[in-house]
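The residues making up each chain are set out below.
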Amino acid sequence: MQDEDLELFLQEMAGVKRLKADALADPNGEHQPSLAQLARRQAAEQEMEYDPNYLSMEYVDLVKPDEVLAYKKDGVQEGVYRNLRLGKYQLEATQMLLGKGLVEARAALFQFVHECHQRGIRTLLVHHGMGKESKPHPAILKSYCFKWLQQIPEVLACHTAQKQHGGYAATYILLQKNADQKRENRERHQKR
């Protein structure tokens, strides 16, 4: 039975030629991954890493360079919002985003707001620029900043800054109290 199997095998292999080398990799590099494939692989690997920054990089409605940005959560008193809008609160921290790309600005704004909230800083100023000189679309960074600020739960309100603080190129931000400030406030009011 074995002789028959060998004979059948040899018949089937009659036209097959032996390989000159056992190397699997192509020395010419023709089968190496392209730059696009490497970039997609790297992007996929980065997506798998946890990113606590939830600010969206998706489509944004573009605002005009001289458009006033105004946002207020429900429950924020009109008097508090008016004082923010008029720049009457002392600015406790400032962030400069001018000249940064969107990815870098997103990370910087996210970190800035969260660090300020943790430290109990409540009134902030962010310089995002007006984007008048940006091509092809003006005010991209300003538009994204406005979108991002509305996505951050700790942001109670934001408004375009007064002229002396940067005007259309900057935005005031009002943050909610952090846990320690809320506790102190409760204790203060309970003693009355």
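See the structure shown above.
Reading guide: rules and limits
Residues numbered from 1 in each chain as written. Predicted model: local features only at pLDDT ≥ 70, side-chain atom pairs only at ≥ 80, totals over all residues. Heavy atoms only, no water. Core = buried A, V, L, I, M, F, W, Y, C linked by side-chain atoms within 4.5 Å. Buried < 20%, exposed > 50% of the residue type's maximum accessible area, 1.4 Å probe, protein only. Helix = DSSP H or I, 4+ residues; strand = E, 2+ residues; numbered from the N terminus. Contact = heavy atoms within 4.5 Å. Pairing = 2+ DSSP bridges. Axes fitted to C-alpha atoms, helices over the stretch in contact; angles between N-to-C directions.

*Asks:* Teacher, can you tell me more about the nonpolar core here?
*Replies:* Side chains that are nonpolar tend, in soluble globular proteins, to be buried together. Within the largest apolar cluster, 29 residues are counted, with the highest numbers of intra-cluster contacts made by Leu97, Leu109, Val113, Leu124 and Ile173. The set of elements that each furnish at least two residues to this core consists of α4 (102-119), β3 (123-127), α5 (140-151), β4 (155-160) and β5 (170-175). Residues within four places of Leu124 in sequence aside, it is in contact with Leu91, Ala93, Phe112, Val113, Cys116, Thr171, Tyr172, Ile173 and Leu175.

*Asks:* What should I look at first to understand the environment of Gln150 in this one?
*Replies:* Within the element layout of this structure, Gln150 appears in helix α5. With a relative accessible area of 34%, Gln150 lands in the partly exposed category. Sequence-wise, Gln150 and Lys72 are 78 residues apart; in three dimensions their C-alpha atoms are separated by 8.7 Å.

*Asks:* Sorry if this is basic, but what is going on with the sheet that holds strand β1 (residues 70-72) here?
*Replies:* Hydrogen bonds along the backbone pair up the strands of a sheet, which may run parallel or antiparallel. Strand order in this open sheet of five strands is β1-β4-β5-β3-β2, and the pairing throughout is mixed. Sheet topology places β1 and β2 (93-96) at the edges, where each strand pairs with a single neighbour. Direction aside, the axes of adjacent strands within the sheet are offset by 20° on average. Inspection of the sheet shows β4 paired to β5 by five bridges, in the antiparallel sense. Within β5, the residue paired with Cys158 across the bridge is Ile173.

*Asks:* Is there a simple way to explain the pairing of β5 in this structure?
*Replies:* Consecutive residues of a regular strand have side chains that alternate between opposite faces of the sheet. When you tally the buried positions in β5, you get six out of six residues, the bulk of the element. Of the two faces of β5, the one carrying Ala170, Tyr172 and Leu174 and the one carrying Thr171, Ile173 and Leu175 are both buried. Note that β3 and β5 share five bridges and pair antiparallel. Within β5, the position partnered with Val126 by the bridge is Thr171.

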